[in-house]
Amino acid sequence: MGYPVQRPRRLRQNEAIRGLVRENELSVGKLILPLFAVPGRGVRREIPSLPGTYQMSIDHLVEEAAAVRDTGIPAVLLFGVPDTKDELASGAYAADGIVQQTIRLLKRAVRDLIVITDVCGCEYTTSGHCGYIRDGYLDNDASLDLIAKITLSHAEAGADIVAPACMLDGQIQRMRQALDDRGFSNLPIMSYAAKFASRLYDPFFKEGTHSTLAFGDKKTHQMDFANSDEAMREIGLDIEEGADIIIVKPALFCLDIVSRAKSQFHMPVAAYNVSGEYAMIDGAARLGRLNCDEIMLEALTAIRRAGADLIITYFAKRAAELLQRHDKDLSSHIDRAAVEEALGALA
Ligand SMILES: [Zn+2]
């Protein structure tokens, strides 16, 4: 039975009714903001390709973390940008490394903020690669040792969740084992399980962490972006190995992957709305071609609609502000004159 009995526009006639039947809500409590920690004091440098995102020394970073928490954003994803790099990526697992120091301070100073740490070598190796290179190829099993060391150093510093980014084979099992052996069996692993080799990460590596590759590419460990079944196999393996939360990266080009992952595995899924996705929206808005705020909310809602429980995004603070303003606008005002009139009629 169709028209005229069925009129789908009945449920679209005003914002209150649209809101009542809205299927997916973007909420602040599901956003995760990436933060970039640099050594020193008094450093707060805007990342040119990610306007509104800063590299910060811990004094500024702790203030930022508190402000983030005040907006209702529950978690940050922490990246380190070290002063020096070496072949072994030793800064990545040093007890006094930039990420380890930052975790310790954040967990003391802003206790209810969830600190998720990116676990990878690429910000710390001279090659810019995620682990150890042998004959031009990322050596899987040698790099697993590095990943385990980084993981334990983050756990010991007090990280709430560790997020391995490298797409090495056997990575989750190795991390889980290392954590369990050291008494961290309750520390969750949020795995970049379906991470595609994408040029959308360029702003992050070029200007966010200064870790562009000295040679080669990451196509031998990150996935071919033409593949979807492979993403399901990767996710399945990570879950078998002990992953607690699944990340799909990037987000907007992978909404089909997010959707498949959610319906196939019924696990918490996070989508990483990456630097290139941010740069596309921000850049188009600066050219006057798109409305930044509205496109951002549309994009983030689309990621939720695809099935993501959590969204890692450089837009998190801006989105939180807009959502809070929206809630405030909705708070109702009583029409006093109408009340007086109605009470008068009763009397
Ligand atoms: Zn990496």
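Rules behind the numbers
Residues numbered from 1 in each chain as written. Predicted model: local features only at pLDDT ≥ 70, side-chain atom pairs only at ≥ 80, totals over all residues. Heavy atoms only, no water. Helix = DSSP H or I, 4+ residues; strand = E, 2+ residues; numbered from the N terminus. Expected span 1.5 Å × (residues − 1). Buried < 20%, exposed > 50% of the residue type's maximum accessible area, 1.4 Å probe, protein only. Polar contact = N/O pair within 3.5 Å; in protein donor to acceptor, adjacent residues only side chain to side chain. Donors = N, O, S within 2.8 Å, 3.2 Å for Na, K, Ca; no water. Salt bridge = Lys/Arg side-chain N within 4 Å of Asp/Glu carboxyl O. Phe/Tyr/Trp six-rings, centres within 6.5 Å; stacked < 30°, edge-to-face > 60°. Lys NZ or Arg CZ within 6 Å of the ring centre and 35° of its normal. Contact = heavy atoms within 4.5 Å. Core = buried A, V, L, I, M, F, W, Y, C linked by side-chain atoms within 4.5 Å.

J.: Could you give an account of helix H5 (residues 140-157), naming the residues involved and the relevant values?
T.: Along its 18 residues, H5 runs 26 Å from first to last C-alpha, staying within 8% of the 26 Å computed at 1.5 Å per residue. With 13 of 18 residues buried, H5 is to be regarded as a mostly interior element. Sitting at the head of H5, Asp139 places a side-chain oxygen 3.4 Å from the backbone nitrogen of Asp141. Looking one or two places after H5, you find Gly158, whose phi comes out positive at around 115°.

J.: Which residues make up the coordination of the zinc ion, and what are the values?
T.: The coordination sphere of the zinc ion, as far as protein atoms go, consists of Cys120 (SG), Cys122 (SG) and Cys130 (SG), spread over 2.3 Å. Here the donor residues of the zinc ion are spaced in sequence according to C-x1-C-x7-C. Since its relative accessible area comes to 3%, Cys122 is described here as buried. Residue Cys130 is classed as buried on the basis of its relative accessible area, which comes to 0%.

J.: Tell me about the pattern of salt bridges, and please be specific about residues and values.
T.: As enumerated under the stated definition, the model contains 16 salt bridges in all. Among the ionic pairs, Glu321 bridges to Arg318, the shortest N-O distance being 3.2 Å. Here the residue Glu321 and the residue Arg318 both occupy positions in helix H12 (residues 316-330), the gap between them amounting to three residues, near one helical turn. Taking relative accessible area as the criterion, Glu321 reaches 37% and is therefore assigned partly exposed. One continuous salt-bridge network, built from bridges that share partners, spans Glu15, Arg18 and Arg22.

J.: Tell me about the packing of aromatic side chains, residues and numbers included.
T.: The full count for this structure, using the stated rule, is nine aromatic pairs. One aromatic cluster is present, formed by Phe36, Phe79, Tyr192, Phe204, Phe205, Tyr272, Tyr278, Tyr314 and Phe315 through successive ring pairs. Directly above the aromatic system of Tyr201 lies the positively charged group of Lys195, at a separation of 5.9 Å from the ring centroid. Sitting over the face of the ring of Phe205, Lys218 holds its NZ or CZ atom 3.8 Å from the ring centroid.

J.: Lay out helix H4 (residues 98-109) with the relevant residues and their values.
T.: Taking 1.5 Å per residue, twelve residues should reach 16 Å; H4 reaches 16 Å between its end C-alpha atoms and fits that length. Within the span of H4, buried status applies to Ile98, Val99, Gln100, Thr102, Ile103, Leu106 and Lys107. On its buried face, H4 is in contact with strand E1 (31-37), helix H2 (58-70), strand E4 (75-80), helix H3 (90-93), strand E5 (114-119) and H5.

J.: Let's hear about the nonpolar core: which residues, and what values?
T.: Counting residues in each nonpolar core, the largest one holds 110 residues, and the members touching the most others are Leu77, Met190 and Tyr272. Among the elements that make up this core, the one with the highest residue count is H5 (eight residues). If near-sequence neighbours (up to four positions away) are discounted, Leu77 is found in contact with Ile32, Leu33, Pro34, Leu35, Ile116, Thr117, Asp118, Ala163, Tyr192, Tyr272 and Ile312.

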